[in-house]
Amino acid sequence: MSTMQLDIVTPERKVYSEQVEMVIARAEEGDIGILPNHAPYVSPLKVTAVKVKKDGDEFFIAVSGGFIEVRENTVTILAETAEMPGEIDIERAESAKRRAEERLADRKRDDIDFKRAEIALQKALTRLRVGKSG
Amino acid sequence: MAENMRDIKRRITSVQNIKQITKAMEMVAAAKLRRAQEKAESARPYTEKMREVIASVAVATDEVQHPMLVSRPVKKTGYLVITSDRGLAGGFDGNVLRTLVQTVEKRHGSKDEYVVFVMGRKGSDFLKRRDIPVIGEVTGLPDSPEFSDIKSIVSQAVGMFAEEEYDELFLVYNEFINPVTQRPVEKRLLPLADLGEEESKSDLKALYEYEPSAEEVLSVLLPRYAETLIYSALLESKASEFGARMAAMGNATDNASEMIGAYTLQYNRARQAAITQELAEIVGGASALE
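Remember, it's a predicted structure, so these values are computed and weren't measured experimentally.

1. Digging into the UniProt feature "domain: ATP synthase F1 complex delta/epsilon subunit N-terminal" (unreviewed entry) in chain A
Then, in step 1: In the numbering used here, UniProt assigns the feature "domain: ATP synthase F1 complex delta/epsilon subunit N-terminal" (unreviewed entry) to residues 4-82 of chain A.
Then, in step 2: Across residues 4-82 of chain A, the secondary structure splits into 0% helix and 75% strand, with the terminal C-alpha atoms separated by 20 Å.

Here it is, written out as structure tokens:
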């Protein structure tokens, strides 16, 4: 089966760099699946888990604040944070989720805080999903 | 004489204590320097990738203009200066702050023409004492800062450019050349001018599909790229800081050793003088009895 290079890079380190068979990510406009030899493509990503298929196995990588670039059979995901399933502290994600939910329940706050809490919740949920899948 | 000897002895002990401390600080700085260097290294792929993508997007979409790429007449300038939180690093903070003050004095007539963002307590204290308009600061950064530690100040700095609060943004920090050499530099961060010039020569003109559109992709990418550049400048500055501290503490240790040598010599002279005097007294006493 043909493969393509997948690089996931954050400002702190290179999280992942392997040959893979398929990548599914949630782009700004909706989910996108990428197979080898995809046309050049650029889009911002939402805070979600990116699904990767390698050697027939599927697993997730939690990504936030990133975007995806496809070029010459190379998929590059640049993100502010990215974590592999084994790296996630589930307890921390749980408490982050609780905090975000509390903040969302308290509707009196202004819009910025509300938005921030929504993003935090999204991040926590993504981490939990990825963390539990691993 | 005995009094004098005790004085010197005490001085030797205190210099020895100082030497121990400076030696320890030197070694700590050396270890941290290595880690900071690795960190700066590992941030590089991200920055490079980002630059590559933006360059090819910018080249592929010649007609697309973005405010962050366009130079506009400069009415007000922003500076972001990176200093350390702790001293004892030789001329590290002094150099970078002097560069800032000199540039500002040369370029601007009044305080209304510029604003300053500062990272690090040393810089923040200095600028406030000097009455320089500081509009954003972050202090107490850890030795290996994460991107999230500086996210808010960085977004503010980039955001204010986008909102045309100022028309240029300069980074002032210590560039890391090698562990013993740091150089204060002043780099123009915004507007991002010379992007895509190298790439345009090669045929990287991949025809991208953009979602939602080229403009929107650029407007997400560019601020993030600027933020990334600031982050890598911070990492470099951290490496420079430890390099500077290591050199300063190394010098201090050498000086302390030298001082201990000088005092030991003085101490031995005083000891000998005391013995000689004692002998002379005994001989004098004996000959008086004869």
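Alright, that's what it looks like, and here's the rest.
2. Some points on the nonpolar core
Then, in step 1: Ranked by size, the top nonpolar core spans 49 residues in total, and within it L80(B), M119(B), I150(B), Y166(B), L190(B) and I230(B) carry the most contacts.
Then, in step 2: Once you skip the residues sitting within four places of it in the chain, I150(B) turns out to touch M119(B), L141(B), Y231(B) and L234(B).
Then, in step 3: Among the nonpolar cores identified, the runner-up in size contains 25 residues, and V23(A), A25(A), A27(A) and V70(A) belong to it.

3. Overview of helix α4 (residues 147-162) of chain B
All names here are of chain B.
Then, in step 1: At I153, α4 shows its largest kink, close to 35 degrees.
Then, in step 2: Those residues of α4 that sit buried are F147, I150, I153, V154, A157, V158, M160 and F161.
Then, in step 3: Trailing α4 by a residue or two, E164 shows a phi angle of about 65 degrees, which is positive.

4. Considerations on the side chain of N174(B)
Then, in step 1: Relative to the helices and strands, N174(B) is located in strand β4 (residues 168-178).
Then, in step 2: From its side chain, N174(B) meets the backbone oxygen of F92(B) in a polar contact 3.1 Å long.

5. Things to note about the pairing of strand β6 (residues 48-54) of chain A
All names here are of chain A.
Then, in step 1: Alignment of strand β3 (residues 22-27) against β6, held across three bridges, turns out to be antiparallel. When the sheet's bridge partners are listed, I24 is paired in β6 with K51.
Then, in step 2: Bridging between β6 and strand β7 (residues 57-71) involves seven bridges; their strand directions are antiparallel. The residue bridging K53 from the neighbouring strand is E58, located in β7.
Then, in step 3: Adjacent in sequence and paired antiparallel, β6 and β7 are bridged by two residues, among which D55 carries a positive phi angle near 50 degrees.

6. What to know about the interface of chain B and chain A
Then, in step 1: Every contact between the two is made by 28 residues of chain B and, on the other side, 25 residues of chain A.
Then, in step 2: Counting the contacts that link chain B with chain A gives two salt bridges.
Then, in step 3: Its salt-bridge partner being K151(B), residue E80(A) comes within 3.4 Å of it at the nearest N-O pair.
Then, in step 4: Run the count over chain B and chain A and you get four residue pairs in polar contact (both at pLDDT 80 or more).
Then, in step 5: Elements with a minimum of two residues in the side of chain B that touches chain A: α1 (2-60), α4, β6 (209-210) and α6 (214-289) of chain B.
Then, in step 6: Per-element tally for the side of chain B that touches chain A: the top contributor is α1(B), with eleven residues.
Then, in step 7: Split by residue class, the side of chain B that touches chain A holds 17 nonpolar, two polar and nine charged.
Then, in step 8: Here strand β5 (residues 41-44) of chain A runs beside β6(B); their pairing, made up of two bridges, is parallel. Its bridge partner lying in β6(B), V42(A) is registered against Y210(B).

The rules behind the values
Residues numbered from 1 in each chain as written. Chains lettered and ligands numbered in written order. Predicted model: local features only at pLDDT ≥ 70, side-chain atom pairs only at ≥ 80, totals over all residues. Heavy atoms only, no water. UniProt positions renumbered as here; feature names shortened; annotations may be inferred. Helix = DSSP H or I, 4+ residues; strand = E, 2+ residues; numbered from the N terminus. Core = buried A, V, L, I, M, F, W, Y, C linked by side-chain atoms within 4.5 Å. Buried < 20%, exposed > 50% of the residue type's maximum accessible area, 1.4 Å probe, protein only. Contact = heavy atoms within 4.5 Å. Bend = angle between axes of the 7 residues up to and from the residue. Polar contact = N/O pair within 3.5 Å; in protein donor to acceptor, adjacent residues only side chain to side chain. Pairing = 2+ DSSP bridges. Salt bridge = Lys/Arg side-chain N within 4 Å of Asp/Glu carboxyl O. Nonpolar A, V, L, I, M, F, W, Y, C, P; charged D, E, K, R; others polar.

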